[in-house]
Amino acid sequence: MLIKTLLNKVERFKSFVYGSICVEIIGGIEALVIDIEPRSNSRPICPACGKRCSVYDRQPLRLFEYLPIWSFKAYFRYAPRRVNCPVHGTKMGRSSYLKFRNIPHEK
Ligand SMILES: [Zn+2]
């Protein structure tokens, strides 16, 4: 709960909400894994034209490395959405979380 409060202060996403937070072993060390979910009314953004489009599908869960929290490495865990743009077709939705490093999920 405290971590969520802090995250909402420093890294507030317009289109996402924080879900559960747990400690998992990532790459052999304990790390914080923070689930993020799109807001229920949010639609993904086409990376080509910047328009909000309908959801085509969701990709498997991925981890996005975030800044360390205390001494823990921290990751956002998210199943990225693909957009169905009437002009540009099916593309990965553009989102601010993509600025974080994407690493394969080991599960
Ligand atoms: Zn588009």
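Use the structure listed above.
Just so it is clear, the structure is predicted and the values come from calculations on it, not from any experiment.

Cut-off values and rules
- Throughout, a residue's number is its position along its own chain's written sequence, starting from 1.
- Local features in a predicted model are, by the rule used here, given only for residues with pLDDT of at least 70; side-chain atom pairs are given and counted only at 80 or more, and totals for whole chains, interfaces and linings are based on all residues.
- Put simply, DSSP H or I for four residues or longer makes a helix, DSSP E for two residues or longer makes a strand, and each gets a number counted from the N terminus.
- Exposure is read from a count of other C-beta atoms within 10 Å of each residue's own; the residue is exposed at 12 or fewer, buried at 20 or more and partly exposed in between. C-beta atoms are placed from the backbone.
- The contact criterion used here is simple: two residues whose C-beta atoms, placed from the backbone, lie within 7 Å are in contact.
- Structurally, a nonpolar core is described as a collection of buried Ala, Val, Leu, Ile, Met, Phe, Trp, Tyr and Cys residues joined by way of C-beta atoms within 7 Å.
- Paired strands are those between which DSSP finds at least two bridges.

Asker: Hey, could you go over the overall build of the protein chain for me, with residue numbers and the actual values?
Answerer: A tally of helices and strands in the protein chain yields 1 helix and 8 strands. When the elements of the protein chain are put in sequence order from the N terminus, they spell out α-β-β-β-β-β-β-β-β. Counting over 107 residues, the protein chain shows a buried share of 19%. Partitioning the contacts of the protein chain with sequence separation of at least 6, the portion at a separation of at least 24 is 53%.

Asker: Go over the nonpolar core with me, naming the residues and quoting the values.
Answerer: One broad trend across soluble globular proteins is that nonpolar side chains are buried collectively. By size, the foremost hydrophobic cluster in this structure holds 10 residues: Ile26, Ala31, Val33, Ile34, Leu63, Phe64, Ala74, Tyr75, Phe76 and Tyr78. Of all the secondary structure elements, the ones that give two or more residues to this core are β2 (29-38), β4 (62-69) and β5 (72-78). For this core, the element with the most residues is β5, which contributes 4 residues. When near neighbours in sequence (up to four residues on either side) are disregarded, Val33 contacts Cys22, Glu24, Tyr75 and Arg77.

Asker: So, the pairing of β2: which residues are in play, and what are the values?
Answerer: Pairing of strand β1 (residues 16-26) with β2 involves 9 bridges; the strand directions are antiparallel. Bridging from a neighbouring strand, Ile25 pairs with Glu30 of β2. Adjacent in sequence and paired antiparallel, β1 and β2 are bridged by 2 residues, among which Gly27 carries a positive phi angle near 60°.

Asker: Explain the pairing of β5 residue by residue, including any values.
Answerer: Summarising burial for β5: 5 of the 7 residues are buried, a large majority. Relative to β5, β2 is paired through 5 bridges, and the arrangement is parallel. By the bridge assignment for β5, Ile34 is matched with Phe76. Bridge analysis of β4 against β5 gives 6 bridges, and the strand direction is antiparallel.

That's the geometry; what it means functionally is another story.
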